[in-house]
Amino acid sequence: MGEIPSEKSILKKTLQIAWPSITESFLVSLVGMIDTMMVGGLGSPAIAAVGLTTQPKFVGLAIFMSLNVAVSAIVARRKGEGDSKSANSVLVQSILITLALTAIVSILCVVFADPIIRLAGSAEDTHEEAVAYFKIIMGAMVFNVLSLVINAAQRGAGNTKIAMRTNIVSNVINVIFNYFLIGGNFGFPKLGVSGAAIATVLGTVVACIMSIVSVLHQGQFICIRSVEKIRFDKRSLKAILNIGSSTLAEQIFLRIGFLTYSIIVARLGTSAFAAHQIGMNLMSISFSFGDGLSVASVTLVGQSLGEKREDLARIYGSVCQRLGILFALALSIIFIFLGRQIFMMFTDETPILDDGVMIMRMMTIVVFLQISQVVYSGCLRGSGDTRYTALVSLISVAMVRPGFGWLFCYPLGLGLFGAWLGLAVDQMVRFIMTYIRFKSGKWTKIQV
């Protein structure tokens, strides 16, 4: 459909956008892992308590995550079209929507924290700390969601380094105050699990300030000062609604599936759930590579389609997927040879370590499916094909993962191994469905 850049040029552009996103996503996952390690010093109930809040937290964030996908996809398309005014209008409207929704979601999560955590499968030795952690995180979520929506627009414009910098600073602050507040070091109060939550909030406050400052500089593509009149326009709202509604449905299916699956595993007992939680933290590390490439594919695909270059959108999607396979290969080698040693960084409890070896062996296979399907999903979202990704989530995450997880876990008596087998089946189904859709090319015809 026009001149094709050289392979070197394509790879260079892909890496320029991808490496900050990969670094950002990796650091977020790494800090989550460090959080678990530092909380792990309080014992397996503390690890399980923090783990119990993960899925309820993401249920609360679901509507904001769907909005962010829409913002990235629309801004990327407007960047390809060279329409800065429309891109900034989309961001300002999204910020106003975010603030209104945050007030509602935050209040509901704090008021109903106790029954929410009970629903998540808490036990007597984990419930109280999990509730306290959840209230702190969700009560101060406004800083997190504001930073997320601004960074989503910056990524769509290709400014992935900005989001990376805000997250690096946020994560450093998080780790430092974890040390101060979890164990009560340097004269700070010893707050345990609640201290970990406060440290996370402090990090998001700083990230939020940095994100706001990043969109105040004149002369760049994303600058909210260029918006002369704050108003809701039909074109922007329609684009946000079309993509955001499908992505919200996807997020709902994801969270229902993940929460149901988490409840199934939680009922195996505190020790098994603690091992599972460590495994999920490690899996988030492998996910971070796929997620970073997914962010790059949203940007590159959206911009290419905005330029009316369907051929380049396909090429960039394929390049991101192939890079993902290389990362998966490197991770699988680490997991298979250093699995037990990695788990020993979190705990020295023998039952957890024994489960950990099994989990790491499963992850050597799952990592290939996971990274590939995440990248293909990013390509589809970047094009605005969010209805299909919602369908994938409905079938695979909301049905296949909890269904097979329960079947393998309880009727077939496979315990924690069965739960991870169910997770592997889910990843396989998602990979097959997104691969077929990507190869069909139907996603390149969608108008945003």
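Residues numbered from 1 in each chain as written. Predicted model: local features only at pLDDT ≥ 70, side-chain atom pairs only at ≥ 80, totals over all residues. Heavy atoms only, no water.

Draft legend 1. Looking closely at the overall build of the chain. Helix and strand counts for the chain come out as 15 helices and 0 strands. Across its three principal directions, the C-alpha atoms of the chain cover 60 × 45 × 35 Å. Only carbon and sulfur atoms are counted for the fraction: they give 66% of the accessible area of the chain, which is about 18200 Å². Of the charged side chains in the chain, 36 are positive and 24 negative, and the gap between their average positions amounts to 10 Å. (Helix = DSSP H or I, 4+ residues; strand = E, 2+ residues; numbered from the N terminus. Areas by Shrake-Rupley, 256 points an atom, 1.4 Å probe, with all protein chains shown as cover. Lys, Arg positive; Asp, Glu negative; His and termini not counted. Charge placed at Lys NZ, Arg CZ, Asp CG, Glu CD.)

Draft legend 2. Structural detail: a nonpolar patch on the surface. A contiguous nonpolar surface patch, about 620 Å² in accessible area, is contributed by Phe404, Trp406, Leu407, Tyr410, Leu412, Leu414 and Phe417. With 3 residues, the top contributor of residues to the nonpolar patch is helix α14 (residues 386–409). Tracing the backbone through its elements, the reader meets Phe417 in helix α15 (residues 415–440). (Patch = residues over 30% accessible without salt bridge, like charges linked within 9 Å, V, L, I, M, F, W, Y side chains within 5 Å. Salt bridge = Lys/Arg side-chain N within 4 Å of Asp/Glu carboxyl O.)

Draft legend 3. Main features of the environment of Val295. Its place among the elements puts Val295 in helix α11 (residues 270–306). Residues Val295 and Arg267, 28 residues apart in the sequence, show an inter-C-alpha distance of 35 Å. For Val295, the contacting residues outside a window of four places in its chain are Ser21, Arg155 and Thr160. (Contact = heavy atoms within 4.5 Å.)

Draft legend 4. Representation of helix α4 (residues 84–111) in the model. Counted at 1.5 Å a residue, the expected span for α4 with its 28 residues is 40 Å, and the 41 Å between its end C-alpha atoms agrees. Along α4, the helix axis deviates most sharply at Thr102, where the bend reaches about 25°. (Expected span 1.5 Å × (residues − 1). Bend = angle between axes of the 7 residues up to and from the residue.)

Draft legend 5. Structural detail: the side chain of Asn151. By secondary structure assignment, the location of Asn151 is in helix α7 (residues 141–156). Taking the relative accessible area as the measure of exposure, Asn151 reaches 2% and is therefore buried. Every residue in contact with Asn151, bar those within four places of it in the chain, is listed here: Ala163, Thr166, Asn167 and Ser211. (Buried < 20%, exposed > 50% of the residue type's maximum accessible area, 1.4 Å probe, protein only.)

Draft legend 6. Structural context of the packing of aromatic side chains. Summed over all chains, the structure comprises 14 aromatic pairs. With a centroid separation of 4.6 Å and 0° between ring planes, the pair formed by Phe180 and Phe188 is classed as stacked. According to the relative accessible area criterion, Phe180 is buried, its value standing at 17%. When its relative accessible area of 31% is taken as the criterion, Phe188 is described as partly exposed. Over the ring of Phe58 we find Lys57; its NZ or CZ atom is 5.1 Å from the centre of that ring. Positioned above the aromatic ring of Tyr261, the side-chain terminus of Arg401 is 5.1 Å from the ring centre. (Phe/Tyr/Trp six-rings, centres within 6.5 Å; stacked < 30°, edge-to-face > 60°. Lys NZ or Arg CZ within 6 Å of the ring centre and 35° of its normal.)

Draft legend 7. Looking closely at the nonpolar core. If you look at the biggest cluster of nonpolar residues, it comprises 75 residues, and the most contacted ones within it are Leu282, Phe343, Ile359, Met363, Leu416 and Trp420. Non-local contacts of Phe343, meaning those with residues more than four positions away in its chain, are made with Ala275, Ile278, Gly279, Leu282, Ile352, Leu353, Gly356, Ile359 and Met360. Core analysis: the next-biggest nonpolar cluster, separate from the first, contains 23 residues, Val75, Ile95, Ala157 and Ala239 among them. (Core = buried A, V, L, I, M, F, W, Y, C linked by side-chain atoms within 4.5 Å.)

Draft legend 8. Spatial organisation of the pattern of salt bridges. With the rule as written, the count across this model stands at 9 salt bridges. One salt bridge in this structure joins Arg381 and Glu250, with 2.5 Å as the shortest N-O distance. Taken together, the positions of Arg381 in helix α13 (residues 350–383) and Glu250 in helix α10 (residues 234–266) put the pair 131 residues apart, joining distant regions of the chain. Taken together, the shared-partner salt bridges in this structure form one network comprising Arg401, Asp426 and Arg430.

Draft legend 9. Seen up close, the layout of surface pockets. By volume, the largest pocket amounts to about 300 Å³. Surrounding the largest pocket, 15 residues form its lining, Lys85, Ser89, Val227, Lys229 and Arg231 being those nearest its centre. For the lining of the largest pocket, the secondary-structure elements that each account for two or more residues are α4 and α10. The dominant element in the lining of the largest pocket, judged by the number of residues it contributes, is α4, at 6 residues. Looking at the lining of the largest pocket residue by residue, the class counts come to 4 nonpolar, 5 polar and 6 charged. (1 Å grid on protein atoms, 1.4 Å probe; cavity = no way out; pocket = protein on both sides within 12 Å on 5 of 7 lines; lining within 4 Å. Points joined across faces, edges and corners; volume = space filled by probe spheres on them. Nonpolar A, V, L, I, M, F, W, Y, C, P; charged D, E, K, R; others polar.)

Draft legend 10. Seen up close, the packing of α7 against helix α8 (residues 160–182). Where α7 contacts α8, the two axes come as close as 7 Å, and the packing angle between them is 145°. In this structure, α7 contributes Asn151, Gln154 and Arg155 to the contact, and α8 contributes Thr160, Ile162, Ala163, Thr166 and Asn167. Tallied by class, the residues present in the contact of α7 with α8 amount to 2 nonpolar, 5 polar and 1 charged. (Axes fitted to C-alpha atoms, helices over the stretch in contact; angles between N-to-C directions.)

Draft legend 11. The environment of Asp348, seen in detail. Here Asp348 lies in the loop between α12 (310–343) and α13. The spacing of Asp348 and Gly244 is 104 residues in sequence and 44 Å in space, taken between C-alpha atoms.

Draft legend 12. Examining the state of the cysteines more closely. Tallied over the entire structure, the rule returns 0 disulfides. Cys223 supplies the cysteine sulfur nearest to Cys208, a cysteine that is in no disulfide, at a spacing of 17 Å. (Disulfide = S-S within 2.5 Å.)

Draft legend 13. Looking closely at the packing of α11 against α15. Where α11 meets α15, the closest approach of the two axes is 11 Å, and the angle between their N-to-C directions is 30°. As judged from the angle between their axes, α11 and α15 are roughly parallel. Crossing geometry of α11 relative to α15 is assigned as right-handed. Contact residues: α11 offers Ala272, Ala275, His276, Gly279, Met280 and Met283, while α15 offers Leu416, Trp420, Leu423 and Gln427. (Parallel < 35°, antiparallel > 145°, perpendicular 65-115°, else oblique. Left-handed = near helix turned anticlockwise from the far one by under 90°.)

Draft legend 14. Geometry of α14. Over its 24 residues, α14 runs 32 Å from end to end, which matches the ideal 34 Å to within 8%, given 1.5 Å per residue. Along α14, the sharpest change in direction is near 35° and occurs at Val400; proline Pro402 comes one to four residues later.

These figures capture arrangement, not role.
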